[in-house]
Amino acid sequence: MIRRTSLVLVGALMGAAATGVVYSSIVPAVAANASTYRELSIFGDVFERVRAQYVTPPQDDKLIENAINGMLSSLDPHSSYMNSTDAEDMRTQTKGEFGGLGIEVTMEDDLVKVTSPIDDTPAAKAGVLAGDFISKIDGQDVRGLKLEEAVDKMRGAVGKPIKLTILRKGAEKPIELTIIRDIIAVRAVKFRVEGDVGYLRVISFTEKTYDDLKNGIEKIKAQVPADKLKGFVLDLRLNPGGLLDQAINVSDAFLERGEVVSTRGRNPDETRRFNATAGDLTDGKPVIVLVNGGSASASEIVAGALQDLKRATVLGTRSFGKGSVQTIIPLGEAGALRLTTALYYTPSGKSIQGTGISPDIKVEQPLPPELLGKVETTSESSLRGHIKGQNESEEGSGSVAYVPPEAKDDLQLNYALDLLRGKKSDPAFPANPEKAELKP
């Protein structure tokens, strides 16, 4: 069941944790025309003028790095250049352990925007929320910084404090938080027994995810006899993405057959299809998948596969809508190029780029009074310069990304539990794999 493919990540946003990618060492050469070389000559002239005449001597490596990032950022929000430090950080992050604060971030309106704090990390414990804008880091304004530079400033030695100035919608004044950096050892999957239901929360798609999921399912089955176990809740809310092969393996854990996902590049011969193998770890028990605006990319692959193949009922609100795959092209000691090279499609052939996964059962999660008007919708479709999806409409993608800290207040989770226990009913539940329209 476990696939060992090239390292591919499919995640929401560049930031404090790993995001969307394929590792490749082969880059096909495409000849440039004469006008392209003329433009490159102009770039060389500008570079030399800046080096020779700028008011203060610039650093050559920084000039080149910024020029490369300028080119890549003009393509889409997920393509970027990683210097050797950033590239090593990404490799570390895919292992499920890294140093920092524990937040997923992007850049918006020249400020660092928090997409999601990671559970049980210094940022989450300090009260950082999805939708917060970081305006200052240790008193320094982030305006004028690239995202990578801002992220680098937030990293540092374990145990060293950092002061963040946060702008939060609805707050009367900026919020000052001092956070102590720590090793972010992320548990890929958390699990527990909810009486007669198994609860599995996939936090991130790292190298540990499938093994953690399998372990969780086995322990739940050991605690609850098969004749008493009503089913499973697979919680993908606030999951920003990660490794593609782990998303495929997690999907496969619940499937007996069918295409899980396909990726399609600019050339037809670059299309790749990934199929499930026999062996449902849950023995065919009913499954409900929870999603919200914080469910992105790899988590959308899982939700889309289980939804299309009628293996699970998807409940919650519309997901983030990132349907692109990035390739990491190593550049030796210079670092790596992170380039969007393909879009991924669900088993029914749908691209969720800019649209997201629509739940079979829509259940809104109310915000507590103290957060009303302060938590914004997060989505791919709202990112400046995003690739417009083939099915994207004015409605766009995404929804509010909020999960209550206490299960008793979690309306979406409790709705799922009531469905599994027969206290509620809906035409979309239970899903029936026999009714799935499988591709030949």
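Rules and cut-offs
- Residues numbered from 1 in each chain as written.
- Predicted model: local features only at pLDDT ≥ 70, side-chain atom pairs only at ≥ 80, totals over all residues.
- Heavy atoms only, no water.
- Pairing = 2+ DSSP bridges.
- Helix = DSSP H or I, 4+ residues; strand = E, 2+ residues; numbered from the N terminus.
- Contact = heavy atoms within 4.5 Å.
- Axes fitted to C-alpha atoms, helices over the stretch in contact; angles between N-to-C directions.
- Buried < 20%, exposed > 50% of the residue type's maximum accessible area, 1.4 Å probe, protein only.
- Polar contact = N/O pair within 3.5 Å; in protein donor to acceptor, adjacent residues only side chain to side chain.
- Domains from an automatic or database assignment.
- Buried area = accessible area lost by both parts, 1.4 Å probe.
- Salt bridge = Lys/Arg side-chain N within 4 Å of Asp/Glu carboxyl O.
- Nonpolar A, V, L, I, M, F, W, Y, C, P; charged D, E, K, R; others polar.
- Core = buried A, V, L, I, M, F, W, Y, C linked by side-chain atoms within 4.5 Å.
- Phe/Tyr/Trp six-rings, centres within 6.5 Å; stacked < 30°, edge-to-face > 60°.
- Lys NZ or Arg CZ within 6 Å of the ring centre and 35° of its normal.
- Left-handed = near helix turned anticlockwise from the far one by under 90°.

Novice: It is not clear to me how the sheet that holds strand β19 (residues 313–316) should be interpreted in this structure. Could you clarify?
Specialist: As summarised here, the arrangement of the six strands in space is β12-β13-β14-β18-β19-β22, forming an open sheet in which the pairing is mixed. Edge positions in the sheet fall to β12 (189–194) and β22 (361–362), since each of these pairs with one other strand and no more. Seen against the sheet, helix α8 (residues 298–308) touches β14 (231–235), β18 (287–291) and β19 and runs at an angle of roughly 140 degrees to β18.

Novice: When you look at the environment of Ser324 in this model, what are you seeing that I'm missing?
Specialist: Tracing the backbone through its elements, the reader meets Ser324 in strand β20 (residues 324–330). Residue Ser324 is classed as buried on the basis of its relative accessible area, which comes to 1%. Note: C-alpha distance between Ser324 and Leu411 (87 residues apart in sequence) is 31 Å. Among the polar contacts listed, one links the side chain of Ser324 to the side chain of Gln326, at a separation of 3.0 Å.

Novice: Just to check I follow, could you spell out α8 for this structure?
Specialist: Each full turn of the α-helix corresponds to 3.6 residues, which orients residues three or four apart in the same direction. Most of α8 is tucked away: eleven of the eleven residues are buried. What α8 keeps buried is the set Ala298, Ser299, Glu300, Ile301, Val302, Ala303, Gly304, Ala305, Leu306, Gln307 and Asp308. Just beyond α8, the residue with positive phi is Lys310, at close to 55 degrees.

Novice: I'm lost on the domain arrangement of the protein chain in this one. Help?
Specialist: Interfaces are often described in size by the accessible area the parts lose on coming together. Domain annotation of the protein chain identifies domain 1 (97–185) and domain 2 (189–435). Distance between the C-alpha centres of domain 1 and domain 2: 26 Å. Between domain 1 and domain 2, the contact holds 15 residues from the first and 14 residues from the second. When the buried surface of domain 1 facing domain 2 is broken down by residue, Asp119, Ala130 and Lys169 rank first, second and third, together holding 33% of it. In this assembly, domain 1 and domain 2 are joined by two salt bridges. The salt bridge partner of Asp109 is Arg384, with a shortest N-O separation of 3.1 Å. The interface formed by domain 1 and domain 2 holds two residue pairs in polar contact (both at pLDDT 80 or more) in total. Contributing elements (two or more residues each) for the side of domain 1 that touches domain 2: β5 (103–108) and β6 (111–117). Among the residues making up the side of domain 1 that touches domain 2, the classes are represented as five nonpolar, three polar and seven charged.

Novice: I tried to follow the side chain of Gln326 on my own but got confused; where do I start?
Specialist: For Gln326, the location among the structural elements is in strand β20. For Gln326, a relative accessible area of 0% puts it in the buried group. Separated by 2.9 Å, the side chains of Gln326 and Thr340 make a polar contact.

Novice: Sorry, what's going on with the nonpolar core here?
Specialist: Nonpolar side chains tend toward joint burial in soluble globular proteins. Core analysis: the largest hydrophobic core is formed by 43 residues, its most contacted members being Leu213, Leu234, Phe254 and Val289. Counting only elements with at least two residues in this core, the list comes to β13 (197–202), α6 (209–223), β14, α7 (244–252), β16 (259–264), β18, α8 and β21 (336–345). Residues within four places of Leu234 in sequence aside, it is in contact with Leu200, Val202, Leu213, Phe254, Val287, Ile288, Val289, Leu290, Val302 and Leu306. Counting residues in hydrophobic clusters, the runner-up holds 22 residues, among them Leu101, Leu111, Val142 and Ile179.

Novice: Any chance you could explain the pattern of salt bridges here in plain terms?
Specialist: Proximity of charged atoms lets side chains of opposite charge pair with each other. Considering all chains together, one arrives at 20 salt bridges under this definition. In this structure, Asp410 and Arg237 form a salt bridge, with 2.7 Å as the shortest nitrogen-oxygen distance. Residue Asp410 is located in the loop between β24 (399–400) and α9 (411–420), and its partner Arg237 is located in the loop between β14 and β15 (241–243); the two are separated by 173 residues in the primary sequence. Asp410 sits in the buried class, given a relative accessible area of 3%.

Novice: Which parts of the structure should I look at to understand the packing of aromatic side chains?
Specialist: The way to describe two aromatic rings as a pair is by their centre distance and the angle between their planes. Tallied over the entire structure, the rule returns one aromatic pair. A ring pair is formed by Phe43 and Phe47, whose centres lie 6.5 Å apart and whose planes are at 20 degrees; its orientation type is stacked. One end of the pair is Phe43 and the other is Phe47, both in helix α1 (residues 34–53) and four residues apart, which spans about a single turn. Owing to a relative accessible area of 43%, Phe43 belongs among the partly exposed residues under this scheme. The ring of Tyr199 carries Arg192 above its face, with NZ or CZ at 4.1 Å from the centroid. Sitting over the ring of Tyr345, Arg264 keeps its end group 3.9 Å from the ring centre.

Novice: What is the right way to look at the packing of α1 against helix α2 (residues 60–73) in this model?
Specialist: Put simply, α1 and α2 touch, their axes get as near as 11 Å, and they point 140 degrees apart. When you trace α1 past α2, the crossing you get is right-handed. Here Phe43, Phe47, Val50 and Arg51 of α1 lie close against α2, whose contacting residues are Asp60, Leu63, Ile64 and Ala67. The residue makeup of the contact of α1 with α2, split by class, is six nonpolar, no polar and two charged.

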